[in-house]
Amino acid sequence: MNGKKRILSWIMAGCLFLMMTGCTQTGTGTVPSGESTQPESSVISQTSEEESSRSQEESNGTQSETGGESSEEKSRQETGKHETMLPDISSDDPGFSIVFSQNPLDAGYAAEAEDAATTREMLEISRKYRDLWKEEVDSAYQRLLSMVTGEAYDQIKKEQSQWVAQTPGILGSGEENGEGAGTTEILEQMNREMVYYRSRAATLYSQLYQLDPTFTFAYSE
């Protein structure tokens, strides 16, 4: 119990005691027994209500401030997650969706991104996983070709050639350190490239999964 509440309880206890026992003395400053003590008790009652109201307002204010900080902190955490979140890979095969969602590259990227303290560090992480996904594209493509023949083989080669040809137009020049480019702009470009290669790897692996459901990724932690 805090100091204000202790003082208030003592005052109320004293008032209650006087009301129960009454006062038998006569003269100035005393109230004859049996007569109303309304003026004094009203002041005490009002004081009690004011103190209680102030205490409640202070309590509500503290809870509101705490809640505001909690919401703000939660918002910052969610924003951080959103900035490092990779897009879902859609597939008509739920089995492949599960397999791809458990790939070691996404897990490694998420762990390293969580520890990144600066934009520069995040840039290096994105560059690393951009290059790893490029390797996955090549690995999946080569393994897929080794498992098919005839028209299927030709179709896969055609699709890959078209994808390679359109890549510069989609990603741009790829000059990461171009004049005037800041770290944030380079990071955004690097993230686009990482997601681009990751998406292509998922397409090739989904085809490979139809032939070899037990395939493994080239990268291992």
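Model, not experiment: these values are computed from the prediction. (Residues numbered from 1 in each chain as written. Predicted model: local features only at pLDDT ≥ 70, side-chain atom pairs only at ≥ 80, totals over all residues. Heavy atoms only, no water.)

The next thing to look at is the packing of helix α4 (residues 104-115) against helix α5 (residues 119-145). Running from N to C, α4 and α5 point in directions that differ by 175°, and their axes come no closer than 9 Å. Viewed along their axes, α4 and α5 adopt a mutual orientation that is roughly antiparallel. Together, L105, D106, G108, Y109, E112, A113 and D115 of α4 and E121, M122, I125, S126, K128, Y129, L132, W133 and E136 of α5 make up the contact between the two elements. Tallied by class, residues from the contact of α4 with α5 come to 8 nonpolar, 2 polar and 6 charged. (Axes fitted to C-alpha atoms, helices over the stretch in contact; angles between N-to-C directions. Helix = DSSP H or I, 4+ residues; strand = E, 2+ residues; numbered from the N terminus. Parallel < 35°, antiparallel > 145°, perpendicular 65-115°, else oblique. Contact = heavy atoms within 4.5 Å. Nonpolar A, V, L, I, M, F, W, Y, C, P; charged D, E, K, R; others polar.)

For the rest of this paragraph, the subject is the environment of E193. Positionally, E193 belongs in helix α7 (residues 183-211). Overall, the relative accessible area of 5% leaves E193 in the buried class. C-alpha of E193 to C-alpha of R127: the two residues are 66 residues apart in sequence and 8.8 Å apart in space. (Buried < 20%, exposed > 50% of the residue type's maximum accessible area, 1.4 Å probe, protein only.)

This part covers helix α6 (residues 150-171). Its 22 residues place the ends of α6 32 Å apart at the C-alpha level, agreeing with the 32 Å of an ideal helix rising 1.5 Å per residue. A maximum bend of about 30° is found in α6 at A165, where proline P168 lies one to four positions downstream. Here the buried face of α6 lies against α5 and α7. Positive phi shows up at G172, right after α6, with a value of about 90°. (Expected span 1.5 Å × (residues − 1). Bend = angle between axes of the 7 residues up to and from the residue.)

For the rest of this paragraph, the subject is the nonpolar core. Within the largest apolar cluster, 35 residues are counted, with the highest numbers of intra-cluster contacts made by Y109, Y129, W133, Y197, Y205 and F215. When residues of this core are traced back to their parent elements, those giving at least two are α3 (94-101), α4, α5, α6 and α7. In terms of residue count, the dominant contributor to this core is α7 (12 residues). Residues contacting Y129, with those up to four places away along its chain left out, are L105, G108, Y109, E112, M194 and Y219. (Core = buried A, V, L, I, M, F, W, Y, C linked by side-chain atoms within 4.5 Å.)

Below, the discussion takes up the pattern of salt bridges. Evaluated as defined, the whole model comprises 5 salt bridges. Linking E124 and R127 is a salt bridge whose minimum nitrogen-to-oxygen distance equals 2.8 Å. Taken as a pair, E124 and R127 lie in helix α5 at a separation of 3 residues, close to a single helical turn. Here the residues in one salt-bridge network are R130, D131 and E193, joined through shared partners. (Salt bridge = Lys/Arg side-chain N within 4 Å of Asp/Glu carboxyl O.)

Counted under the stated rule, the structure contains 13 aromatic pairs. With a centroid separation of 5.8 Å and an interplanar angle of 75°, the aromatic rings of W163 and Y197 are classed as edge-to-face. Of this pair, W163 sits in helix α6 while Y197 sits in helix α7, and the two are 34 residues apart along the sequence. By the burial criterion, W163 is buried, and Y197 matches it. Measuring from ring centre to ring centre gives 5.6 Å for Y196 and Y197, while their planes differ by 80°; the resulting arrangement is edge-to-face. Taken individually, Y196 and Y197 each receive the classification buried, so the pair is uniform in this respect. One aromatic cluster in this structure is built from F96, F100, W133, Y205, Y209, F215 and F217. (Phe/Tyr/Trp six-rings, centres within 6.5 Å; stacked < 30°, edge-to-face > 60°.)

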